[in-house]
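Each chain, letter by letter, is given below.
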Amino acid sequence: MSLLLAAIIFSCVFVASHTAPQEQGWTEDVVSYSGFQLWSAKPRKQEEREFLLKIRQDYELEVWKESRSDNSPVDLLVSPDFQTELKLRLADAEIPYDITISDMQIAINNENPNVTDSGDEFENRFTGRFKRYLAAFISFFPGEDVFTNNQQFPNAFGHKMDWDSYHRLDDIYGYLNYLADTYPRIVQLVSIGSSSEGRPLYVVRISSSSSGTKPAIWIDGGIHAREWISPAVATYIIRQLVEEPKNERLLLNVDWYIMPVMNPDGYEYTHTSNRLWRKTRSATGARCRGADPNRNFGYQWGGKGTSRDLCSEIYHGANAFSEPETRAVSNFISGKANQIQVYLTLHSYGQYFLIPWGYDVRFPTDYNDMKDLANKAASKFRRYKYTVGNSADLLYPAAGGSDDWAKSIGIKYSYTVELADTGNHGFVLPASFIRPVCEDFFPALEVFVEKVATIKV
């Protein structure tokens, strides 16, 4: 029997046995944002900013971006139920605004065009599983080359990652395992715990030695589930460090610890049920689930910019490190605090390089050192311009953040990076931006390597 005929028979059997969604979790409704709009209001003085604050409270609007500057826009997600009334109120107050996204659901549907949309989730999983099964089937026919070129079945025998689309957690974790198996000399995949829903929490250690005596850089992504560009950049950095020979020099004097998805439950939920979900998915004993992991770290926990409301987007959790994700990260980093010299946490959006403290407008004693290094890193960006400054001063106070906590345990160079863009797409950044953002960001890491390479640990 020829391989072509065998593959056709195999595919028919596969299709016949997988004609309906049967996997656990398919019954949960998918949240639609049809008719929702993203408005960018432009207050010009403090009175107008206070007026916008009242509107937010009156209509319980979700704020996507704000800052303390009078001339900086405030991005608001506006339900279709309130749009007519809010237009009148803003007109009466003479506050200009732009509608940057006219229909949020259309933007979501168009965000990741190379991947089946959330409404066809089963089809997406079916296609990926079919490719894997077919690849395994073909492997029983050595010497045949039908269906084996990677243009038809990309990475069928290794991994499915690329940086032309946003990927599900299974693809990301599959890539990490692939790297650990393929490059065992420099890559170690460390499970530091489990999420609320039982998913592993993976940190990738990249090092040219096994001693652990070199200074290290920590990078994490995906703390906030909906910020998809963050895990994309983190995995791109991993690829560059591991698979690009020209970057071997970045491993000579520095170790790397990279956690591409700190909040895997939330990240997966944004792919299956609610694209704009932000928090973890822990049970709270109420109808609302999860806590904001970037308000859950144990430095100045429960302070400004947090909430005790279980349904709030900035709910700080029942106590510091109540979430298994933040607890696992704190335990791991605390055990290596003397080795880790740089802490970078990747978020979106706004294009900021933010320096502690974030819990209030206060500045570390070595703030100027931190700012000088951040400015030097930001100078490496070519496509996107980043603003450097104190978190609470540039944006707003937010207690319980991971960068504040990292700074508090002695990691001198601790930063939050808000990736692209500045608001045209917000959290729903089209996949076509992934490579430009990644390629623009990576050269900045050389600045941190040069800084920490000479530090003795």
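Residues numbered from 1 in each chain as written. Predicted model: local features only at pLDDT ≥ 70, side-chain atom pairs only at ≥ 80, totals over all residues. Heavy atoms only, no water.

A word on the overall build of the chain
Test applied: The secondary structure listing takes helices from DSSP runs of H or I that are at least 4 residues long and strands from runs of E that are at least 2 residues long, numbered from the N terminus. Per-residue accessibility, obtained with a 1.4 Å probe over protein chains only, is compared with the maximum for each type, and a residue is labelled buried under 20%, exposed over 50%, and partly exposed between these values. A contact between two residues is defined here by any heavy atoms of the two lying within 4.5 Å. Here the accessible surface of atoms and residues is derived via Shrake-Rupley with a 1.4 Å probe, and residues count as covered only by protein chains that are part of the display.
A tally of regular secondary structure across the chain gives 14 helices and 12 strands. Taking all 457 residues of the chain together, 54% fall into the buried category. Long-range contacts, defined here as pairs at least 24 residues apart, represent 77% of the contacts in the chain between residues at least 6 apart. When the accessible area of the chain is evaluated, it comes to approximately 20000 Å², of which 48% is carbon and sulfur surface.

Re a positive patch on the surface
As a reminder of what qualifies: Like charges within 9 Å and nonpolar side chains (Val, Leu, Ile, Met, Phe, Trp, Tyr) within 5 Å are joined into patches, using only residues over 30% in relative accessible area that form no salt bridge. Should a side-chain nitrogen of Lys or Arg be within 4 Å of a carboxyl oxygen of Asp or Glu, the pair is scored as a salt bridge. Positive: Lys, Arg. Negative: Asp, Glu. His and the chain ends are not part of the count. Where a charge sits is defined by one atom per residue type, namely NZ (Lys), CZ (Arg), CG (Asp) or CD (Glu).
Positive charge collects at one region of the surface, where K376, K380, R382 and K451 lie side by side. Take K376: it is sitting in helix α10 (residues 367-378).

A closer look at the pairing of strand β1 (residues 37-41)
Just so we agree on the cut-off: Strands pair, by our definition, only if DSSP identifies at least two bridges between them.
By the criterion of burial, β1 is predominantly enclosed, with 5 of the 5 residues buried. Across the two faces of β1 the burial is the same, with Q37, W39 and A41 and L38 and S40 all buried. Sheet topology places β1 next to strand β3 (residues 74-78); 5 bridges connect them, and they run antiparallel. Considered in β3, the bridge of Q37 is made with V78. Where β1 lies against strand β4 (residues 97-101), 4 bridges are found, and the strand directions are antiparallel. What sits directly across from L38, in β4, is I101.

Describing the UniProt feature "active site" (unreviewed entry) in the chain
For the record, the criterion: UniProt positions are given in the numbering used here, feature names are shortened, and annotations may be inferred rather than shown by experiment. Polar contact is defined as a pair of N or O atoms within 3.5 Å, subject to the rule that within protein one atom must be able to donate a hydrogen and the other to accept it, and that residues adjacent in sequence are counted only when both atoms are side-chain atoms.
Residues annotated by UniProt as "active site" (unreviewed entry) correspond here to E418. Locating E418 in the fold gives a position in strand β12 (residues 413-419). Take E418: its relative accessible area is 10%, and that puts it in the buried class. Excluding anything up to four places from it in sequence, E418 contacts H347, S348, Y349, G350, Q351, Y352, L354 and Y386. Within the structure, the side chain of E418 is placed 3.3 Å from the backbone nitrogen of S348, a separation counted as a polar contact.

Section: the sheet that holds strand β8 (residues 255-259)
What counts, and what does not: Fitting a line to C-alpha atoms yields each axis, with helices limited to the stretch in contact; the angle taken between N-to-C directions then spans 0 to 180 degrees.
The 8 strands lie next to each other as β5-β6-β8-β7-β9-β12-β10-β11, forming an open sheet whose pairing is mixed. This sheet does not close on itself; its edge strands, each paired only once, are β5 (187-194) and β11 (387-390). The mean angle between the axes of side-by-side strands here comes to 20 degrees, regardless of whether they run parallel or antiparallel. Inspection of the sheet shows strand β7 (residues 216-220) paired to strand β9 (residues 340-348) by 5 bridges, in the parallel sense. Looking at β9, one finds that W218 is bridged to Y343.

Topic: the pattern of salt bridges
Under the defined criterion, the tally for this structure stands at 25 salt bridges. Note that D171 and K160 form a salt bridge whose closest N and O atoms lie 3.4 Å from each other. One end of the pair, D171, is in helix α6 (residues 169-182); the other, K160, is in the loop between α5 (121-138) and α6, and 11 residues separate them in sequence. For D171, a relative accessible area of 16% puts it in the buried group. A salt bridge links E446 to R249; its shortest N-O distance comes to 3.1 Å. Residue E446 is found in helix α14 (residues 445-452), and its partner R249 is found in the loop between α7 (229-243) and β8; the two are separated by 197 residues along the sequence. Given a relative accessible area of 26%, E446 falls into the partly exposed group. Given a relative accessible area of 43%, R249 falls into the partly exposed group.

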